[in-house]
Amino acid sequence: MSPISRTIENTDLETIVGLAKRRGFVFQASEIYGGLGSTWDFGPLGVELKRNVKDMWWKSMVRDRGDIVGMDSAILQSPEVWKASGHIDSFTDPLVECGSCHRRYRADHLGDTCEHCGASEFSEPRQFNLLFKTFMGPIEDAAGVIYLRPETAQGIFINFDNVQTTTRKRIPFGIAQIGKSFRNEVTPGNFIFRTREFEQMEMEFFCKPGSDEEWHRYWIDFSDDWFKKFGIRGDKLRVREHEADELPHYSKGSADIEYKFPWGWGELETISNRTDFDLKAHIERSGRDLSFFDDDAKERFVPFVVEPAMGADRSALAFMADAYDEEGEGKEKRTVLHFHPDIAPVAVAVLPLSRNEKLAPTAREVYDLVRDNFNAQFDDTQSIGRRYRRQDEIGTPLCVTVDFRTVEEDNAVTIRDRDSMEQIRVPIDGLREALDDQLAALREACHG
Ligand code: GAP
């Protein structure tokens, strides 16, 4: 199968937002009450898309390797964690206010004039802390203040010793985690790109001091390849090293994997060399020993950490934007999402030619067979042509059609390929293998 090409290079964000809503990928949160700024709900297809992104990441990081284990830490942690990590003191953005309409902006995201009213007078920047605060327990006083985590990483650092001793992993090894994080962003926006509640996929790789630079390079290349493997076009990705003045407070060196979104380049993932900053900070504040004893070299040291940190929501948006295409003209026009088969919310759709009762029992049997092995959808409404278009628009790689020949003549079905729209006929008892083969070929063709 030849690589998948696109008819259009890029689309605008409104088109993606429209499709996301129309097809049930993403809805405005609290919509019936007028919406809550920068929060989004993932619908039936969006949740499958994001789940696939997370599952593929988990598979690549944890299941397919022997040197990384997973964990799932609490969102609420002792405030001491955020004191030690530097988030209470340093997790800030510079905030300015428009002198005319009083809108607030991040100083480092600001042009010359206010986007809202065009004024060019702004207040002096002041540091605004991004931590979300709440209270634990019934008394809302200073002693009850607690924070929603702004990154999943700290839950890993504070469990370094628990995980290392229970798994008996030797350095170098990693701990991966997927979960929600919260930041009171000054300027959220661009749909699900920058929100105040989002999901992260983070892996902390603990290594020997001195080997950190090499591991940093390794994880930058790995991350870049990961997006390409799952279908993002290589020319829409770039690696950008941070300038010294944009490094996070914990980092000795960071690189972003960026995607060329409809509005320009945007960060999908940051790979940072966090040195021994976090473990040392927790050793100091908690008094607990978080060092590692190397039996071979007979030496004890505090490991260095290299961290690939990715956003699940942003990545889902990049997968959607990158897959988007419009082909043909007039009546032949179709919108298609060229998703990689492991990212597509639905892998195989089963479509009886019509609702005729002669077809129904076999169509149901085929659906049961398919859904045992693939994420499948059954649809018998409207004309077959419309149903193909609907599956194209949600990026379903393969459609299986049950027709009258199936039940009257050959006990075979048609498989239609989303990208070429070609159809082949296969016997039902060879269907599983035929679908496996076609999806395997598509995986190859999707490599960006
Ligand atoms: N532990 C390191 C860390 O959190 P980060 O670069 O601040 O690093 C990692 O965040 C990733 O999390 C980002 O590359 C991005 O994909 C995602 N992310 C961060 N803030 C986000 C936000 N407000 N909305 C959506 N995703 C966000």
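Residues numbered from 1 in each chain as written. Predicted model: local features only at pLDDT ≥ 70, side-chain atom pairs only at ≥ 80, totals over all residues. Heavy atoms only, no water.

**A short note on the overall build of the chain**
Thinking step 1. Check the secondary structure of the chain and you find 13 helices and 23 strands.
Thinking step 2. At 25 Å, the chain has a C-alpha radius of gyration in line with the 22 Å of a compact globule built from 448 residues.
Thinking step 3. Over its C-alpha atoms, taken along the principal directions, the chain stretches across nearly 75 × 65 × 45 Å.
Thinking step 4. Pairs at least 24 apart in sequence give 66% of the contacts found in the chain among residues at least 6 apart.
Thinking step 5. Summed over its atoms, the accessible surface of the chain is roughly 21,000 Å², and 47% of this surface lies on carbon and sulfur atoms.
Thinking step 6. Charged side chains in the chain number 58 positive and 80 negative. The centres of these two groups are separated by 3 Å. (Helix = DSSP H or I, 4+ residues; strand = E, 2+ residues; numbered from the N terminus. Rg over C-alpha atoms; globule rule 2.2 N^0.38 Å. Contact = heavy atoms within 4.5 Å. Areas by Shrake-Rupley, 256 points an atom, 1.4 Å probe, with all protein chains shown as cover. Lys, Arg positive; Asp, Glu negative; His and termini not counted. Charge placed at Lys NZ, Arg CZ, Asp CG, Glu CD.)

**Some words on the environment of serine 120**
Thinking step 1. By the secondary structure assignment, serine 120 is in the loop between strand E5 (104–106) and strand E6 (126–129).
Thinking step 2. C-alpha of serine 120 to C-alpha of valine 426: the two residues are 306 residues apart in sequence and 67 Å apart in space.
Thinking step 3. If near-sequence neighbours (up to four positions away) are discounted, serine 120 is found in contact with Asp112 and Thr113.

**So, unusual backbone geometry**
Thinking step 1. The residue after isoleucine 171, namely proline 172, is reached through a cis peptide bond having omega 10 degrees.
Thinking step 2. Backbone geometry at histidine 102 places phi at a positive 65 degrees, although glycine is not the residue there.
Thinking step 3. Of note, histidine 102 is situated in the loop between strand E4 (92–97) and E5.
Thinking step 4. Not every positive phi belongs to a glycine, and phenylalanine 191 is a case in point at roughly 60 degrees.
Thinking step 5. Relative to the helices and strands, phenylalanine 191 is located in the loop between strand E9 (173–182) and strand E10 (197–207).

**Description of helix H8 (residues 277–286)**
Thinking step 1. For H8, every residue scored as buried is listed here: Asp278, Leu279, Ala281 and His282. Seen end-on, H8 carries its buried residues on one side only, within an arc spanning 160 degrees.
Thinking step 2. Against the buried residues of H8 lie helix H3 (79–85), helix H5 (153–157), helix H6 (160–167), E10 and strand E13 (264–275).
Thinking step 3. In the stretch just after H8, glycine 287 is the one whose phi turns positive, near 80 degrees. (Buried < 20%, exposed > 50% of the residue type's maximum accessible area, 1.4 Å probe, protein only. Arc of directions from axis to C-beta.)

Function cannot be inferred from these measures alone, as they are strictly geometric.
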